[in-house]
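Working through the structure, step by step
One-letter residues, chain by chain:
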Number of protein chains: 2
Amino acid sequence: MEFVTKREEKKSTDALLEELMQGTIREDERISLKGAIHTIRDMGDIVFVVLRRREGLFQCIYEKSKVTDFAKLKEAQTVKITGTIRSEQRAPHGFEILVEEVEIYSTPTKSMPLQISKWKLNTSLEAKLDYRAVALRNVRERAVFKIQEGITRGFRDYLYQEGFTEIHTPKLGAKSAEGGANLFKLEYFHRPAILQQSPQFYKQMMVGVFDRVFETAPVFRAEKHNTKRHLNEYTSLDLEMGYIDSMDDIMDVETGFLKYTFELLKRDYAKELKMLAVELPEITEIPRVRFDEIKRKVSEKYDRKIKNPYDLEPEEEALIGKYIKEETGSDFVFVTHYPSKKRPFYAMDDPADPTYTLSFDLLYKGLEITTGGQRIHKYDELIKKMETRNMEEEGMEDYLSVFAYGMPPHGGLGIGLERLTMELIGLENIRQATLFPRDQSRLVP
Amino acid sequence: MEFVTKREEKKSTDALLEELMQGTIREDERISLKGAIHTIRDMGDIVFVVLRRREGLFQCIYEKSKVTDFAKLKEAQTVKITGTIRSEQRAPHGFEILVEEVEIYSTPTKSMPLQISKWKLNTSLEAKLDYRAVALRNVRERAVFKIQEGITRGFRDYLYQEGFTEIHTPKLGAKSAEGGANLFKLEYFHRPAILQQSPQFYKQMMVGVFDRVFETAPVFRAEKHNTKRHLNEYTSLDLEMGYIDSMDDIMDVETGFLKYTFELLKRDYAKELKMLAVELPEITEIPRVRFDEIKRKVSEKYDRKIKNPYDLEPEEEALIGKYIKEETGSDFVFVTHYPSKKRPFYAMDDPADPTYTLSFDLLYKGLEITTGGQRIHKYDELIKKMETRNMEEEGMEDYLSVFAYGMPPHGGLGIGLERLTMELIGLENIRQATLFPRDQSRLVP
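Residues numbered from 1 in each chain as written. Chains lettered and ligands numbered in written order. Predicted model: local features only at pLDDT ≥ 70, side-chain atom pairs only at ≥ 80, totals over all residues. Heavy atoms only, no water.

Taking an unreviewed UniProt entry as the reference, chain A is identified by name as Aspartate--tRNA(Asp/Asn) ligase belonging to Lachnobacterium bovis DSM 14045. Here is the UniProt Function (unreviewed entry) comment for chain A, exactly as written: "Aspartyl-tRNA synthetase with relaxed tRNA specificity since it is able to aspartylate not only its cognate tRNA(Asp) but also tRNA(Asn). Reaction proceeds in two steps: L-aspartate is first activated by ATP to form Asp-AMP and then transferred to the acceptor end of tRNA(Asp/Asn)." Taken directly from UniProt, the Sequence similarities (unreviewed entry) text for chain A runs: "Belongs to the class-II aminoacyl-tRNA synthetase family. Type 2 subfamily." (UniProt positions renumbered as here; feature names shortened; annotations may be inferred.)

What about the overall build of chain A?
Scanning chain A from terminus to terminus reveals twelve helices and 18 strands. Taking all 445 residues of chain A together, the buried fraction comes to 60%. Looking at chain A alone, contacts between residues at least 24 apart form 65% of all its contacts between residues at least 6 apart. On chain A, roughly 18400 Å² of surface is accessible, and the fraction owed to carbon and sulfur atoms is 48%. (Helix = DSSP H or I, 4+ residues; strand = E, 2+ residues; numbered from the N terminus. Buried < 20%, exposed > 50% of the residue type's maximum accessible area, 1.4 Å probe, protein only. Contact = heavy atoms within 4.5 Å. Areas by Shrake-Rupley, 256 points an atom, 1.4 Å probe, with all protein chains shown as cover.)

Observations regarding unusual backbone geometry
Along the chain, Val444(A) connects to Pro445(A) via a cis peptide bond; the corresponding omega equals -10°. The topology assignment puts Pro445(A) in the segment after helix H12 (417–425). Of note, His190(B) is a non-glycine position whose phi angle comes to about 70°, a positive value. Residue placement: His190(B) occurs in the loop between strand E8 (185–188) and strand E9 (191–195). The backbone phi angle of Lys365(B) is positive, close to 50°, even though this residue is not glycine. Following the sequence through the fold, Lys365(B) ends up in the loop between strand E16 (359–364) and strand E17 (367–375).

With respect to the UniProt feature "site: Important for tRNA non-discrimination" (unreviewed entry) in chain A
Residue and element names in this part refer to chain A. Per the UniProt entry, the sites bearing "site: Important for tRNA non-discrimination" (unreviewed entry) are Pro-92 in this numbering. Note on placement: Pro-92 falls in the loop between strand E4 (78–87) and strand E5 (95–106). On the basis of relative accessibility, which here comes to 30%, the residue Pro-92 falls in the partly exposed class. Setting aside chain neighbours within four positions, we find Pro-92 in contact with Leu-57 and Gln-59.

Regarding helix H11 (residues 397–404) of chain B
Extensive coverage of H11(B) is indicated by the burial of six of its eight residues. Where H11(B) is buried, its residues contact helix H3 (132–135) of chain A together with helix H5 (200–210), helix H10 (379–388) and strand E18 (410–416) of chain B. Two residues or fewer after H11(B) comes Gly406(B), characterised by a positive phi angle close to 90°.

Observations regarding the sheet that holds strand E3 (residues 56–63) of chain B
Residue and element names in this part refer to chain B. Around the barrel, which closes on itself, the five strands sit in the order E1-E2-E3-E5-E4 with mixed pairing between neighbours. The mean inter-strand angle of the sheet, taken between neighbouring strand axes irrespective of direction, is 55°. Bridge count for strand E1 (residues 30–42) against strand E2 (residues 46–53) is six bridges, and the pairing is antiparallel. For Thr-39, the partnering residue across the bridge sits in E2 and is Val-50. (Pairing = 2+ DSSP bridges. Axes fitted to C-alpha atoms, helices over the stretch in contact; angles between N-to-C directions.)

With respect to the packing of aromatic side chains
Throughout the structure, instances matching the rule amount to 40 aromatic pairs over all chains. Seen from their ring centres, Phe155(B) and Phe257(B) are 5.2 Å apart, and the 90° between their planes marks the pair as edge-to-face. Of this pair, Phe155(B) sits in helix H4 (residues 139–161) while Phe257(B) sits in helix H6 (residues 247–268), and the two are 102 residues apart along the sequence. Look at Phe201(B) and Phe345(B): their rings are 6.2 Å apart centre to centre, the planes differ by 75°, and that puts the pair in the edge-to-face class. In this pair, Phe201(B) is assigned in helix H5 and Phe345(B) in the loop between strand E13 (332–336) and strand E14 (349–350), connecting sequence segments 144 residues apart. Members of the aromatic cluster, joined through ring pairs, are Phe201(A), Phe345(A), Tyr346(A), Tyr399(A) and Phe403(A). (Phe/Tyr/Trp six-rings, centres within 6.5 Å; stacked < 30°, edge-to-face > 60°.)

Re the side chain of Glu368(B)
All names here are of chain B. Inspection of the secondary structure puts Glu-368 in strand E17. At a separation of 3.2 Å, a polar atom in the side chain of Glu-368 contacts the side chain of Arg-419. For Glu-368, the contacting residues outside a window of four places in its chain are Arg-229, Glu-317, Asp-361, Leu-362, Leu-363 and Arg-419. (Polar contact = N/O pair within 3.5 Å; in protein donor to acceptor, adjacent residues only side chain to side chain.)

Thoughts on the sheet that holds E13(B)
Residues and elements named next belong to chain B. With respect to topology, eight strands assemble into an open sheet ordered E6-E10-E11-E18-E17-E16-E13-E12, the strand pairing being mixed. Pairing within the sheet leaves two strands with one partner each, and these edge strands are strand E6 (165–166) and strand E12 (288–290). The pairing of E16 with E17 spans six bridges and is antiparallel. Looking at E17, one finds that Leu-363 is bridged to Glu-368. Against the sheet, H5 engages E6, strand E10 (212–220), strand E11 (233–242), E17 and E18, with an angle of about 30° to E11. Along the sheet, helix H9 (residues 314–328) contacts E12, E13, E16 and E17; its crossing angle with E13, the most-contacted strand, is approximately 120°.

Regarding the pairing of strand E1 (residues 30–42) of chain A
Residue and element names in this part refer to chain A. Bridge analysis of E1 against E4 gives seven bridges, and the strand direction is antiparallel. Bridge assignment links Ser-32 to a residue of E4, and that residue is Thr-82. Linking E1 to strand E2 (residues 46–53), which pair antiparallel, is a turn of three residues; within it Gly-44 sits at a positive phi near 100°.

Regarding the nonpolar core
Core analysis: the largest hydrophobic core is formed by 158 residues, its most contacted members being Met206(A) and Met206(B). In contact with Met206(A), other than residues within four places in its own chain, are Ile167(A), Asp211(A), Val213(A), Ala133(B), Leu136(B), Leu435(B) and Phe436(B). (Core = buried A, V, L, I, M, F, W, Y, C linked by side-chain atoms within 4.5 Å.)

Concerning the side chain of Thr370(B)
Here Thr370(B) is to be found in strand E17. When neighbours within four sequence positions are excluded, Thr370(B) is seen to be in contact with Glu254(B), Phe360(B), Asp361(B), Leu362(B), Leu413(B), Gly414(B) and Ile415(B).

Observations regarding the relation of the copies chain A and chain B
Once chain A is rotated about the relating axis by 180° and shifted along it by 0.0 Å, it coincides with chain B to within an RMSD of 0.0 Å. Put plainly, the chains are arranged around a two-fold axis. For chain A, the residue whose C-alpha comes nearest the rotation axis is Leu186(A), separated from it by 2.4 Å. Taken together, the interface assignments show that 99% of the residues at the interface of chain A recur at the interface of chain B, consistent with an identical surface on both copies. (Least-squares fit on C-alpha atoms with pLDDT ≥ 70 in both.)

What to know about the environment of Tyr105(A)
Relative to the helices and strands, Tyr105(A) resides in strand E5. Judged by its relative accessible area of 10%, Tyr105(A) is buried. The spacing of Tyr105(A) and Val79(A) is 26 residues in sequence and 5.2 Å in space, taken between C-alpha atoms. Apart from the residues lying within four places of it in its own chain, the contact partners of Tyr105(A) are Lys34(A), Thr78(A), Val79(A), Lys80(A), Tyr243(B), His377(B), Lys378(B) and Pro409(B).

And the structure:
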């Protein structure tokens, strides 16, 4: 059957390439490789053509004297190159292809706006973002997003193992009392609607159904910040977990996710980690320290006055990171028991001192990458907390009613995927870790 | 270290439960199970308490004469029950727990609006959707979403294996010329913006970067349809693949995805398939048949006049399903070469007859579950096609420019997750396969 033969031929090309990349060079064997022409280096007698594929770069070579019609080859063409394999230690993956035939699929009609074949794409962030789909053809630029894929995979795969159910909650909703100012508003069939800034209420409701749930999906925040660490649309890795004994269970799950993910990255994304010179931290246990305690310690050790006892300034977060690194060697730290007034109404207050909550942030090298904690699970307590804060129930009836029908003790967390990617890789701007960032000035491409 | 001991104790409870569910009953061993009280059946001397957990239902039992303070137990409470294990063939999983202690985490403050403990939740779809977070506590209702999880997992895991990269594309965008009427509009920092109705342009642009990409994310369609098969927000499983030889490559990938996913479902979601009496179809090869050819054959075989030669009516799709089932035994069929006028501008016309495109739909039991095909990859052809259709380039500059910088032959497809879930399970309404559906009349919960 023709169909099967063709499929098998394709599979065998993929398998041959895989073998070659593993170091088994099949000298003189014929191969056809499809890809984009990344660079052409004309050395006079011989010409090097570097092909860009999803696996990386591949060196092809031909002698001008021996071929006639390769003059048409141009950078950024997409082609199929057929030739024979030859060991070449100086080429990527230790081999090159002696070109015999070239089939051209497409030829660019404009000259490239960026020099993507440079090892480091030395251009402004603005230019990279303006020509995003071109800039990402640079292999180091795109490597960021393979690592991002690994983080998302790690999150999901670890949680599947732990008995979590993946959910898809709606991004369109009716107006609610929470966080009104930061919501994007739209008209939905002649009714006012908003874009969800978080799946918080939905994931909590689903804890009553599946005990443990997670979601990896976009969230939308109409905040007017313009920093290196904020976006108006980002991918949120959210989880919520029922029947916990304390918020320690949530921090345990996050620690497990990070360990699992770092192993996955080291195994399946080693190429990209190396390309970007990322050194993943070793995690055994992550220290957990109270907000008020670490604030005091940092103030003492670095002789810094506490300005606001109820919040952490960025500089203070950085010092906490430094302190923990110096004292324990850990790049990560869970700061627990944030002040109640800085946490949303659904956060559970600490029964021992309701000024503080059973909540935490995870800091990595002094930067916040997660916010989480235990939530109130009893209806009466939730209503009481709302009353204390003078909040209206309007628009939250569905959420609140779930608590009237019985909810387990639970908690959860949210991780900004782009921010985590940025911090792990050590990028300066969150936009570098976003395929097509959305900020106050950027709605295209 | 206290922390480790606690984690290990928790792990061992999970492991014990797993063993029990596999059929290894450890008679008289002590166990603590947390869960929601699904039902209480008072039989006079003895009382059955059924606990609902993420893994399923568990029977607990106590004798009134032997205990004093269990009178407080109520349905919908969340609790921890401690007791000893006893074989009981009539109980779920072949065992029950002889209750010794109960710790109550929460007690409902309202009576349940739906009888979730019934095997079949016999109430209207409207009521199920109004009380969604309660209705889904019914174990059959929630099983739908475990199967949905399996489909999403299968899609991703199969594509990772095949060298695809997962991407996250923005849902907020500037106004574009494509499909203006069906777009939700909003204000984005004093500029007009829209919600993406598909990641189409972005995934095509990313083929130039990663060769093969996929995304599983929400899409938004402001269409004013009110049918059992449409939603205004849904989860789209999208893929796009470069360096294809023809659209057969895309159909091969979809066939591979379905085979892989059905195996995954049979292995990891057997419980839910059984609960919903789902019989997954066997797939070897999926027949591929031309649009005009099958239209003619169906017309002949079932003596039905062709009303519109350029489109398929729902009734016709159903007859195609019937025809293929009768002639080949397959529940699936790829209908290929849809008329150009019914496909978007980026669809590649068939060089042999440009009235038709190199595109396809996948039908399952006579219902469309996928639309896909090969796309135009040459800049000039794309511009020409737009001119023929009198389309403006405005708002599509970034998309179009990518083709000027060289793009490989490529194609892809989109699958509505909720629709595929609905069809595979045999549900009547797509809202049953959506956690929180959004349609013209429903924006809450």
